[in-house]
Amino acid sequence: MKNTKVIVFLAIICSFALITTGCWVDTGIANISIKYENYDIDYEETVDLTKITNIEIKGSVSQINFHKVESKDMKLHLHGSIKSNFEPELIVDKGMKTIEVKTEKDGIKNKSTRKNELVLDVYLPESYNEKLDVSSIAGDIIISGYSLERLELSTISGNIKFSNNTADSIKVETTSGDINADKIVSSNEFEANSISGE
């Protein structure tokens, strides 16, 4: 009985990931009223990290890559192509201590994607040592070489690759993707979960 519940749960999660990423097989019935367009995206933004203690990144992209830089500002570059019924954007909301980065507006109804080849490159200063929370639906997350207070990485069907990172607290989760970790140090808490990946 327990195995049946796990299988049903995995089927629901995988169906959700397939539908939201546009990998669902087109039957010509369900999508008859959805108009897809091809978008070539190229957005850049530079963000001042003065007094920032928390960065949250939510990317509906194929990959989120982190690059260590020596500058004091964070640079974001969203680029690539996508076939969808909405146009992605690079949205940066900056508060007193928190920066939230998104690749689409909130509240888009009946969002659907056919092909997603978008990449979000994050040029994060090596000196940034506070909280970092990165999430994606089907995109891979790649990060290496940071020393942080807290690091949280999560995807539904994407892979997570992180190495040479240290943090007081590390939490890594993926439903069906793989987790590849190397030379990770956590002084307090380390948690890594993958339901059906490795």
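Scroll up for the structure.
Residues numbered from 1 in each chain as written. Predicted model: local features only at pLDDT ≥ 70, side-chain atom pairs only at ≥ 80, totals over all residues. Heavy atoms only, no water.

S.K.: Where do I start with the overall build of the protein in this structure?
M.R.: For the protein, the helix and strand inventory stands at one helix and 15 strands. Evaluated residue by residue, the protein yields a buried proportion of 37% over its 198 residues. A separation threshold of at least 6 residues defines the contact pool for the protein, and within that pool the share at least 24 residues apart is 56%. Accessible surface computed for the protein: about 11000 Å², of which carbon and sulfur atoms make up 49%. (Helix = DSSP H or I, 4+ residues; strand = E, 2+ residues; numbered from the N terminus. Buried < 20%, exposed > 50% of the residue type's maximum accessible area, 1.4 Å probe, protein only. Contact = heavy atoms within 4.5 Å. Areas by Shrake-Rupley, 256 points an atom, 1.4 Å probe, with all protein chains shown as cover.)

S.K.: What should I look at first to understand the side chain of Ser136 in this one?
M.R.: Note on placement: Ser136 falls in strand β9 (residues 131–136). For Ser136, the side chain forms a polar contact with the main-chain oxygen of Gly59, separated by 3.1 Å. Dropping the residues within four chain positions of it, Ser136 is found in contact with Gly59, Val61, Ile64, Ser154, Thr155 and Ile156. (Polar contact = N/O pair within 3.5 Å; in protein donor to acceptor, adjacent residues only side chain to side chain.)

S.K.: Explain unusual backbone geometry to me, please; I cannot follow it from the model alone.
M.R.: For residues besides glycine, phi is generally negative; the peptide bonds are generally trans as well. At Lys51, a residue that is not glycine, the phi angle is positive and equals roughly 70°. Note on placement: Lys51 falls in the loop between β1 (37–48) and β2 (54–59). At Lys183, a residue that is not glycine, the phi angle is positive and equals roughly 55°. Along the chain, Lys183 turns up in the loop between β14 (179–182) and β15 (185–194).

S.K.: Could you clarify how one ought to interpret the packing of aromatic side chains in this entry?
M.R.: Two aromatic rings are characterised by how far apart their centres lie and by the angle between their planes. Tallied over the entire structure, the rule returns zero aromatic pairs. Against the face of Tyr123 rests Lys75, its NZ or CZ located 5.5 Å from the ring centre. (Phe/Tyr/Trp six-rings, centres within 6.5 Å; stacked < 30°, edge-to-face > 60°. Lys NZ or Arg CZ within 6 Å of the ring centre and 35° of its normal.)

S.K.: Mind showing me how you'd approach the pattern of salt bridges here?
M.R.: When the charged atoms of two side chains with opposite charge come close together, those side chains can pair. Applying the stated rule across the entire model yields nine salt bridges. Residue Glu100 pairs with Lys58 through a salt bridge whose shortest N-O separation is 3.4 Å. You can see Glu100 sitting in strand β6 (residues 98–102) and its partner Lys58 sitting in strand β2, a full 42 residues away along the chain. If you follow the salt bridges from partner to partner, you end up with Asp93, Lys102 and Asp106 in one network. (Salt bridge = Lys/Arg side-chain N within 4 Å of Asp/Glu carboxyl O.)

S.K.: Can you help me understand the environment of Thr103 in this one?
M.R.: Within the secondary structure, Thr103 is located in the loop between β6 and β7 (113–116). Look at Thr103 and you get buried, because its relative accessible area is 2%. Through-space distance from the C-alpha of Thr103 to that of Pro88 is 5.7 Å; in sequence the pair is 15 residues apart. If we skip the residues at most four places from it in the chain, Thr103 touches Lys58, Gly59, Ser60, Val61, Leu78, Pro88, Glu89 and Leu120.

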